Amino acid sequence: MTQSLTRALATLGWKEGDPGFWTGGERPGRVSIMHGSAAEVIWFPGDEEAETTVFELRRDLNLRPVAGDWVAIEDGDLTRVAERRTTLKRPDPNGKDVQVMAAGIDTVLIVLPVDLGLNPKNLERLAIMAWDSGADPLVVLTKADAAESPEEAVAEAEAAAPGVPVLLTSSADGRGLDELRARMGAGTTTTMLGASGAGKTSLLNALEGHTEAVAHVSRDGQGRHTTTTRKLYRLASGGVLLDLPGIRSLDLLVDDEALGETFADITALAASCRFADCSHEGDQGCAVEAAVAAGTLPERRLASWRAIRREMAYQARRNDPAAMAAERQKWKQLSKSTRKPR
Ligand SMILES: Nc1nc2c(ncn2[C@@H]2O[C@H](COP(=O)(O)OP(=O)(O)OP(=O)(O)O)[C@@H](O)[C@H]2O)c(=O)[nH]1
Ligand SMILES: [Zn+2]
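So, how was this worked out
- Residues numbered from 1 in each chain as written.
- Chains lettered and ligands numbered in written order.
- Predicted model: local features only at pLDDT ≥ 70, side-chain atom pairs only at ≥ 80, totals over all residues.
- UniProt positions renumbered as here; feature names shortened; annotations may be inferred.
- Helix = DSSP H or I, 4+ residues; strand = E, 2+ residues; numbered from the N terminus.
- Buried ≥ 20, exposed ≤ 12 C-beta atoms within 10 Å, placed from the backbone.
- pLDDT = per-residue confidence, 0-100.
- Contact = placed C-beta atoms within 7 Å.
- Core = buried A, V, L, I, M, F, W, Y, C linked by C-beta atoms within 7 Å.
- Axes fitted to C-alpha atoms, helices over the stretch in contact; angles between N-to-C directions.
- Parallel < 35°, antiparallel > 145°, perpendicular 65-115°, else oblique.
- Left-handed = near helix turned anticlockwise from the far one by under 90°.
- Nonpolar A, V, L, I, M, F, W, Y, C, P; charged D, E, K, R; others polar.
- Pairing = 2+ DSSP bridges.

In the nomenclature of an unreviewed UniProt entry, the chain corresponds to Small ribosomal subunit biogenesis GTPase RsgA from the organism Actinorhabdospora filicis. Per UniProt, the chain carries the Sequence similarities (unreviewed entry) text "Belongs to the TRAFAC class YlqF/YawG GTPase family. RsgA subfamily." Annotation of the chain in UniProt includes, under Subcellular location (unreviewed entry), the sentence "Cytoplasm".

**Student:** Explain the overall build of the chain to me, using residue names and the numbers behind them.
**Tutor:** Helix and strand counts for the chain stand at 10 helices and 15 strands. Out of the 342 residues in the chain, the part that is buried amounts to 37%.

**Student:** Describe the confidence of the model for the chain, and please don't skip the residues or the numbers.
**Tutor:** Within the chain, residue pLDDT values average 83, and 82% of them lie at 70 or more. Here strand β12 (residues 217–219) stands out as the least confident element of the chain, with mean pLDDT 39; strand β10 (residues 166–168) is the most confident, with 98. Scored below 50 in pLDDT, residues 211–228 shows 29 contacts in the model against residues more than four places distant or in partner chains.

**Student:** So what about the nonpolar core? Which residues, and what values?
**Tutor:** Among the nonpolar cores identified, the biggest contains 78 residues, and I110, L123, V139 and L141 are the most heavily contacted of them. The element contributing the most residues to this core is helix α2 (residues 120–133), with seven residues.

**Student:** An account of the packing of α2 against helix α3 (residues 150–160) is needed here, citing residue identities and associated values.
**Tutor:** It is the contact of α2 with α3, at a shortest axis distance of 9 Å, that shows an interaxial angle of 40 degrees. As far as their axial angle goes, α3 and α2 are oblique. Crossing hand, α2 versus α3: right-handed. Contacts between α2 and α3 pair P120, L123 and E124 from the former with E156, A157 and A160 from the latter. Considered class by class, the residues forming the contact of α2 with α3 number four nonpolar, no polar and two charged.

**Student:** Tell me about the sheet that holds strand β11 (residues 189–193), and name the residues and values.
**Tutor:** Backbone-to-backbone hydrogen bonds join strands into a sheet, with any given pair of strands oriented parallel or antiparallel. An order of β10-β9-β8-β11-β15-β14 is seen for the six strands of this open sheet, with the pairing classed as mixed. At either margin of the open sheet sits one strand with a lone partner, and together these are β10 and β14 (231–234). Recorded for the sheet is a direction-independent mean angle of 25 degrees between the axes of neighbouring strands. In terms of strand pairing, strand β9 (residues 136–142) meets β10 through three bridges, oriented parallel. Bridge assignment links L141 to a residue of β10, and that residue is L168. Contacting β8 (107–113), β9 and β11, α2 crosses the sheet at an angle of about 170 degrees to β8.

Below, the structure written as structure tokens:
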């Protein structure tokens, strides 16, 4: 690879030392946004000038590309999607499949407003989604200028997501933005998770020093502005930001490992439970419940953990017809036994 191509690719989030996935006559590029069955790609026909082209997808493509995917272009065609390092996903609306929303992300910003106080439940759920993607989560608290007690919000965030760095920011007075820029340098790809109104667009504008909206906005049914397109921004700090639409449904699609990482405090306590498969719900010798009783673990933490466990179990069943059938059978048995005459 030539030096100028290495430099050019770095502006798309390419890291020096990453293996090249394109060969021979292929040229490298990155998907900035999908338009139905077409991919908008920023790519390098030569070694320096980037070009943006919309490619219709070939039927024999190895993978259906998503925003953030690295792709190879050859003879005016998108010919290959590179292997993915990280994938941000959620359950498909049909409940059966996984929908990959974006790929190749290094850092997931969990964007939460603190003007009205922190919502730790949202933080826990978004943190699980972030861990599950394979990327590193970073909590970005927004609207610190309008918060009554921003330090309290930081402490609450640190308690809700142990081991995840927490950054206090304000797009209005600029605090925290330099630290955030420092984490979004050349060779990094970042995305933001957060509800509509969390302050994502304002944050991006403030980071880039714009005053007008950089994201495409449109109005939803209530006349509010919502970000509706996915875009790949090349930041002044050198990195890339993939702007995904607000995560409105906080549906989970995660594994036990991601849950364990988000609830590191409970995971550590669980090692001392008498039974390895302790459900921390009235089991004998449960160290987690003992910690709640002793006041060393907030009760709300265990309640969140249980709620997320239940939802994971529900989604696992929904995606698995055999488990669904077994569950129905169990209920049938149960209703039979209660109807048994004495
Ligand atoms: N006081 C204060 N208000 C802010 C700050 N950042 C954003 N806001 C306000 O919060 C509201 C929502 O901000 P947006 O940046 O549009 O939120 P968003 O997350 O991009 O929302 P969607 O585009 O719907 O996903 C706007 O009215 C902003 O003016 C901040 O740092 N301080
Ligand atoms: Zn236990």
